[in-house]
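Here is what each chain is made of, one letter per residue.
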Amino acid sequence: PEPVAHEASASMLRSLIQSNLLRFTDLQTNPRRFFEAHRILAARTPQLGPGFWIRFTVQYNLWAGSIVGLGDAAQVAELDAMQDRGALGCFCLTEKLAGVNSGMVANTVATYDSESGGFLLSTPSDGSRKNWISQGAVADSAVVVASLTDAGGVECGPTAFVMELRNAETGELAPGVHLEDMGRKTVGNDLDNVAVSFENVAVPRSALLGRYACVDDAGLYRSEER
């Protein structure tokens, strides 16, 4: 039998986040502390549940790590507020149709929307859904890799966005976000895994992780370090 349900596992991680024992930004500012935390938690995996280790690394390495590595100064600074409220994150990369090429190939699309000045995220087929997304059922925020098309119709390739999956006050999923539980696993059922699909989900221009790229006021893609 599994030692804990995924709701309890997620609650443990929220408590760890809000304890401030390990900051999201420690990967950059205090790497020794960051990797020591990994060592300690790895040793305690049998007590915490087999899926907790993956949940922890998704939160700190993939979700927060992507924002630290790819985000501009404002996006990285926002991690402090997200930590204070115990926000959980997930990393939406893997797609069934892309398989091992997920990341190099992204069938989820982000299209510049001239009316809002932001983007519309869509998964146009079953194969473009994000699959096996750890912590996806409970996450408040997601880093999503999608193929960007700018205002000029230029296909700019796989691009990373950070978006709110849920309304911070009500906990309801953002309009157009759909989750599907991927079922019971052989082990590690204290970790939730879902398929995520997007149906014209509106995200602001500021959602594009902007350390190395941006879309300008005209909606045109620019690649430059900031």
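Scroll up for the structure.
A quick note: this is a predicted structure, and the numbers were derived from the prediction, not measured.

Enquirer: Run through the side chain of Thr159, naming residues and quoting values.
Expert: Here Thr159 is to be found in strand 6 (residues 155-164). Within the structure, the side chain of Thr159 is placed 3.0 Å from the backbone oxygen of Gly157, a separation counted as a polar contact. Once residues within four sequence positions are removed from consideration, Thr159 is found in contact with Val144, Val145, Ala146, Leu148 and Leu208.

Enquirer: Describe in detail the sheet that holds strand 8 (residues 193-198), supporting the description with residues and values.
Expert: Backbone hydrogen bonds hold the strands of a sheet together, and the pairing may be parallel or antiparallel. Here three strands make up an open sheet; going across it, the order is 4-8-7 and the pairing antiparallel. Of all the strands in the sheet, the pair left with one neighbour each is strand 4 (130-134) and strand 7 (177-181). When strand polarity is set aside, the average angle formed by the axes of neighbouring strands in this sheet is 35 degrees. With three bridges connecting them, strand 4 and strand 8 associate as antiparallel partners. Bridge pairing links Lys130 to Val196 in strand 8.

So, how was this worked out
Residues numbered from 1 in each chain as written. Predicted model: local features only at pLDDT ≥ 70, side-chain atom pairs only at ≥ 80, totals over all residues. Heavy atoms only, no water. Helix = DSSP H or I, 4+ residues; strand = E, 2+ residues; numbered from the N terminus. Polar contact = N/O pair within 3.5 Å; in protein donor to acceptor, adjacent residues only side chain to side chain. Contact = heavy atoms within 4.5 Å. Pairing = 2+ DSSP bridges. Axes fitted to C-alpha atoms, helices over the stretch in contact; angles between N-to-C directions.

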